[in-house]
Amino acid sequence: MIVLGCHVSLKAPHYFLGSIQEALSYQANACMIYTGPPSNSKRVSIDQFKIEQAKELMKENDFKIENVIVHAPYIINIGNSLNLDTFSFGCDFLKEELKRVHEIGASILVLHPGSHVKAGKEAGLKQVIDGLNQVLEQDNSNVCIALETMAGKGSEIGSTFEEIAYIKNQIIKKERIKVCLDTCHIHDAGYSLENFDQVLNEFDEIIGLDNLAVIHINDSKNEKGAHKDRHENIGQGYIGFDILHSIVHHPKLEGIPMILETPYIDGKPPYKEEIKKLTLE
């Protein structure tokens, strides 16, 4: 079964209930939310989220809670070893986000591994590992952190499967670390999606397909290896519709939640149309 959805908003007055209503309006059977603005730490009480009403609506529409993905805010950077205040803030906020995800009932929190901020890849990797171990040591939920594959822009950490595997292998609670594969990001990082079976085999050898928890389906505005991370609408970029369609239908990826993060077109979300096109045989 194809599990395909998109990023949806979470805002007043209906919050999580509104998120599910929006996803259903696109004929999606999965969705991704932020628990508040992705660029700041402002959060309202989870009591306002209308979680029970949302779950009732999900039950009526056979929308499974495991297909609700939460994305951590961009302001978290636990790869920063130069500013320990930034590192500590990231760890503390990540702990709070795990609690919110647990209260919603979801089980996957997607996280950008972070940036070494010119301290060097080795220092950044060590800091990410230290931060994740600190956070998970104090969290006893079943929520997994899915490290997102990155494009390699600037001093980003996690643009290769080897870096993601290195982080996971140093985590004490390894079972709590999963992976989010982003098609735009790995294309921009230099992976050849026209040979996707080869890419998937490489992922399996280095990380393990059993650790793949979610996939971001995005086209790219850039040529392969550009290290820029600019999403494009499905079929309008350098990856192309045929490759993305084949990824959505890949037999080894059946049942894994796939999430569109493509740009709005003329101020309107393109998700209903993109989901329809991608799910057609």
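Heads up: the structure comes first, above all this text.
The rules behind these values
Residues numbered from 1 in each chain as written. Predicted model: local features only at pLDDT ≥ 70, side-chain atom pairs only at ≥ 80, totals over all residues. Heavy atoms only, no water. Helix = DSSP H or I, 4+ residues; strand = E, 2+ residues; numbered from the N terminus. Rg over C-alpha atoms; globule rule 2.2 N^0.38 Å. Buried < 20%, exposed > 50% of the residue type's maximum accessible area, 1.4 Å probe, protein only. Pairing = 2+ DSSP bridges. Contact = heavy atoms within 4.5 Å. Salt bridge = Lys/Arg side-chain N within 4 Å of Asp/Glu carboxyl O. Axes fitted to C-alpha atoms, helices over the stretch in contact; angles between N-to-C directions. Parallel < 35°, antiparallel > 145°, perpendicular 65-115°, else oblique. Left-handed = near helix turned anticlockwise from the far one by under 90°. Nonpolar A, V, L, I, M, F, W, Y, C, P; charged D, E, K, R; others polar. Core = buried A, V, L, I, M, F, W, Y, C linked by side-chain atoms within 4.5 Å.

Draft legend 1. Seen up close, the overall build of the protein. Along the protein, the regular secondary structure elements total nine helices and 10 strands. The C-alpha atoms of the protein give 18 Å as radius of gyration, which agrees with the globular expectation for 281 residues (19 Å, within 12%). With respect to the principal axes defined by its C-alpha atoms, the protein has extents near 45 × 45 × 35 Å. Residues classed as buried in the protein amount to 56% of the 281 residues present.

Draft legend 2. Region of interest: the pairing of strand 1 (residues 4–7). Looking at chain direction, strand 1 and strand 10 (residues 258–260) are connected through three bridges and run parallel. In the sheet register, Leu4 faces strand 10, and the bridge partner there is Met258. In the sheet, strand 1 pairs with strand 2 (residues 30–33) via three bridges, with the strands oriented parallel. Looking at the pairing, Gly5 lines up with Ala30 of strand 2.

Draft legend 3. Region of the structure containing the environment of Leu212. Structurally, Leu212 is set in strand 7 (residues 212–217). Relative accessible area serves as the criterion here: at 7%, Leu212 is assigned to the buried category. Put simply, Leu212 and Asp242 are 30 residues apart on the chain and 22 Å apart in space, counted from C-alpha to C-alpha. In contact with Leu212, other than residues within four places in its own chain, are Val179, Leu181, Phe203, Leu253 and Ile256.

Draft legend 4. Region of the structure containing the pattern of salt bridges. Inspection of every chain in the model, using the stated rule, returns nine salt bridges. Salt-bridge contacts for Lys126 lead to Asp130; the nearest nitrogen and oxygen are separated by 2.9 Å. On the criterion of helical spacing, the pair formed by Lys126 and Asp130 is a turn pair, its members being four residues apart in helix 4 (residues 121–137). The exposure class assigned to Asp130 is partly exposed, which follows from its relative accessible area of 29%. Put simply, Glu232 and Lys221 hold a salt bridge, and the shortest N to O gap is 3.2 Å. Here the residue Glu232 occupies a position in strand 9 (residues 231–232), and Lys221 occupies one in the loop between strand 8 (219–220) and strand 9, the gap between them amounting to 11 residues. In this structure Lys221 comes out as partly exposed when scored by relative accessible area, which is 33%. Sharing partners across several salt bridges, the network here consists of Arg43, Glu97 and Arg100.

Draft legend 5. Quick peek at the packing of helix 5 (residues 161–169) against helix 7 (residues 196–206). Interaxial distance between helix 5 and helix 7 falls to 10 Å at its minimum, and their mutual angle equals 25°. Classified by the angle their axes make, helix 5 and helix 7 are roughly parallel. Remark: the crossing between helix 5 and helix 7 carries right-handed chirality. For the pair helix 5 and helix 7, contact is made by Phe161, Glu162 and Ala165 and by Val199, Glu202, Phe203 and Ile206, respectively. Grouping the amino acids of the contact of helix 5 with helix 7 by side-chain chemistry returns five nonpolar, no polar and two charged.

Draft legend 6. Layout of unusual backbone geometry. A cis amide bond links Ala12 to the next residue, Pro13, at an omega of 5°. With respect to the element layout, Pro13 can be found in the loop between strand 1 and helix 1 (16–25). You will see that Tyr15, though not glycine, has its phi angle at about 50°, which is positive. Relative to the helices and strands, Tyr15 is located in the loop between strand 1 and helix 1. Residue classification places Tyr15 among the buried residues on the basis of a relative accessible area of 11%. At Val117, a position not held by glycine, the phi torsion is positive, near 50°.

Draft legend 7. Geometry of the nonpolar core. Phe16, Leu132 and Ile217 are the most contacted members of the largest nonpolar core, which has 79 residues in total. Other than its neighbours up to four places away in sequence, Leu132 contacts Ile78, Leu94, Leu111, Ile145, Leu147, Ile167, Ile171 and Ile177. Val3, Met32, Cys180 and Ala213 belong to the second-largest nonpolar core, a separate cluster that totals 12 residues.

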